[in-house]
Amino acid sequence: MIECSSLLGPYIQGFLSYREALFHKNSAYEPIMKSLDRFCAKRFPCSAVLTQEMVLTWMEDSTGSYSCERTVRGSVIRKFAMYMNGIGGAAYVLPEKMYGHTSAFVPYIFTDDELIRLFAAIDRISPSAAQPYKQEVLPVMFRLIYTCGLRPAEARTLKTENLYLDSGEVLITRTKRNKDRIVVMSEDMRTLCVDYNERRARFPFESGYFFPRADGEAFASITILREFQRCWKNANPDIDEENLPPVRVYDLRHRFATAAVQRWLDDGSDLNAKLPFLRAYMGHNSFAQTAYYIHLLPANLIQSTAVDWAVFDTLIPEVCQDAEA
């Protein structure tokens, strides 16, 4: 549990405990709530009420230029305010129309050329004073997310003890909905992880995480998002920022899934037989979550006779992304 210094501290700790009791993961929430607590302690030290001024000022002061980051923070502070009101506190609830709304987010599917440029930019990540080893860690992490279709949090918090480099198996634990599963790396990815693990052994700190930051802890989701979006900009220097499609780390997972479906269509495979395997590999809670990826394919492919739209159109849900980036 995080330590708090503001008068809202008990509410913040209660909110995180409430989420844990409902089996939700707080990895994306804790750094945001820490930021809110520090802000309130410094700017509004005498307030045990979450006012409109506090919420709007914090949103403007603490969010970066990325729309995805603002959306995530807006979603978290909105849920926190509703929690406060629900247990008898007083809090201003940020309207959903402010700082984005996530219920209709459309994933961005990278082209082959975009992926080549993106990973070339990722390989140019430079170390910083705070994170002197991120140029070693992040290129491997992003490739594992892409090649294994992992959720970003599953890679960020991957424990070394759950990675079997001899066989290439990866045990994913404490996932969304707390469903453990095993994924298998390609031989190229396994070799990359073996080489990285040898370099990782020379890091001057101990960590149980396979992709640690300099203090031995897991990277925060917002840090990974910022690095990823910075690389996306660097990969497209000729495109103005306002015209550059917004992307998230999660889009690497989407690309993995759509590529698998496209490959099966190209092979003339029966999707009704194949999609259950993809569902198990990606850890989806329902078949509908897996079938959604058919709708993300190019128009010329979704006309394939392998797609029974009478079945799939009744399964495809609204896309609703979590706060985890």
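Residues numbered from 1 in each chain as written. Predicted model: local features only at pLDDT ≥ 70, side-chain atom pairs only at ≥ 80, totals over all residues. Heavy atoms only, no water.

1. Things to note about the pattern of salt bridges
A full pass over the atoms with the stated rule returns 12 salt bridges. For the salt bridge of Arg117 with Asp113, the shortest nitrogen-to-oxygen distance reads 2.3 Å. Separated by four residues within a single helix, Arg117 and Asp113 lie in helix α5 (residues 112-122), roughly one turn from each other. You can call Arg117 partly exposed: its relative accessible area is 28%. Where Glu227 meets Arg230, a salt bridge forms, and the shortest distance between an N and an O atom there is 3.4 Å. (Salt bridge = Lys/Arg side-chain N within 4 Å of Asp/Glu carboxyl O. Helix = DSSP H or I, 4+ residues; strand = E, 2+ residues; numbered from the N terminus. Buried < 20%, exposed > 50% of the residue type's maximum accessible area, 1.4 Å probe, protein only.)

2. Section: the sheet that holds strand β3 (residues 181-184)
As summarised here, the arrangement of the three strands in space is β1-β2-β3, forming an open sheet in which the pairing is antiparallel. The sheet is open, and its two borders are formed by β1 (163-164) and β3, each paired with just one other strand. (Pairing = 2+ DSSP bridges.)

3. Focus: the confidence of the model for the protein chain
Put simply, the protein chain has an average pLDDT of 83, and 81% of its residues get 70 or more. A low-confidence stretch, residues 309-325 (pLDDT under 50), is modelled with 46 contacts involving residues beyond four sequence positions or located in other chains. (pLDDT = per-residue confidence, 0-100. Contact = heavy atoms within 4.5 Å.)

4. Here we look at the packing of aromatic side chains
Taken as a whole and assessed by the stated rule, the structure comprises 17 aromatic pairs. Here Tyr133 and Phe203 contribute two aromatic rings whose centre-to-centre distance is 4.6 Å and whose plane-to-plane angle is 35°, an arrangement assigned as tilted. Separated by 70 residues along the polypeptide, Tyr133 in the loop between α5 and α6 (134-148) and Phe203 in the loop between α8 (187-200) and α9 (221-235) bring together distant segments of the chain. By relative accessible area, which is 27% here, Tyr133 ends up partly exposed. Overall, Phe203 belongs to the buried group, its relative accessible area being 8%. Ring centres 4.9 Å apart and planes at 70° place the aromatic pair Phe210 and Phe211 in the edge-to-face group. Taking relative accessible area as the criterion, Phe210 reaches 0% and is therefore assigned buried. Members of the aromatic cluster, each reached through a chain of ring pairs, are Phe15, Tyr18, Tyr29, Phe80 and Tyr83. (Phe/Tyr/Trp six-rings, centres within 6.5 Å; stacked < 30°, edge-to-face > 60°.)

5. Here we look at helix α2 (residues 29-43)
Compared with an ideal rise of 1.5 Å per residue, which puts 15 residues at 21 Å, α2 spans 21 Å between its outermost C-alpha atoms and is within 8% of the ideal. Three or more residues of α2 are buried, namely Tyr29, Ile32, Met33, Ser35, Leu36, Asp37, Phe39 and Cys40. (Expected span 1.5 Å × (residues − 1).)

6. Examining the nonpolar core
By size, the foremost hydrophobic cluster in this structure holds 42 residues, and its most contacted members are Phe110, Met141, Phe142, Met185, Phe211, Phe228 and Leu252. Secondary structure elements with two or more residues in this core: α5, α6, β2 (169-172), α8 and α9. Examining the composition of this core, we find that eight residues originate from one element, α6, more than from any other. Ranked by size, the runner-up nonpolar core spans 28 residues in total, among them Ile2, Cys40, Met54 and Ala91. (Core = buried A, V, L, I, M, F, W, Y, C linked by side-chain atoms within 4.5 Å.)

7. Side note on empty space enclosed by the protein
To locate leftover empty space, one rolls a probe as large as a water molecule over the atoms. Tallied over the full model, the rule gives one cavity of 30 Å³ or more. Roughly 30 Å³ of volume is contained in the largest cavity. Here the lining of the largest cavity is composed, by residue class, of seven nonpolar, one polar and two charged. (1 Å grid on protein atoms, 1.4 Å probe; cavity = no way out; pocket = protein on both sides within 12 Å on 5 of 7 lines; lining within 4 Å. Points joined across faces, edges and corners; volume = space filled by probe spheres on them. Nonpolar A, V, L, I, M, F, W, Y, C, P; charged D, E, K, R; others polar.)

8. Comments concerning the pairing of β2
Burial of β2 is one-sided: the residues Val170 and Ile172 facing one way are buried, the residues Glu169 and Leu171 facing the other way are not. When β1 meets β2, the two strands line up antiparallel, connected through two bridges. In the strand pairing of β2, Tyr164 is matched with Glu169. Between β1 and β2, which pair antiparallel one after the other, the connecting turn spans four residues, and Gly168 there sits at a positive phi close to 85°. Across four bridges, the pairing between β2 and β3 is antiparallel. Residue pairing for β3: Glu169 is matched across the bridge by Val184.

9. Let's talk about the packing of α5 against α9
Viewed as axis vectors pointing N to C, α5 and α9 meet at an angle of 115°, and their least axial separation amounts to 8 Å. Our pair here, α5 against α9, has a crossing hand that is right-handed. Taken together, the residues of α9 that come into contact with α5 (itself represented by Glu114, Arg117, Leu118, Ala121 and Ile122) are Phe228, Cys231, Trp232, Asn234 and Ala235. Of the residues that constitute the contact of α5 with α9, the class distribution is seven nonpolar, one polar and two charged. (Axes fitted to C-alpha atoms, helices over the stretch in contact; angles between N-to-C directions. Left-handed = near helix turned anticlockwise from the far one by under 90°.)

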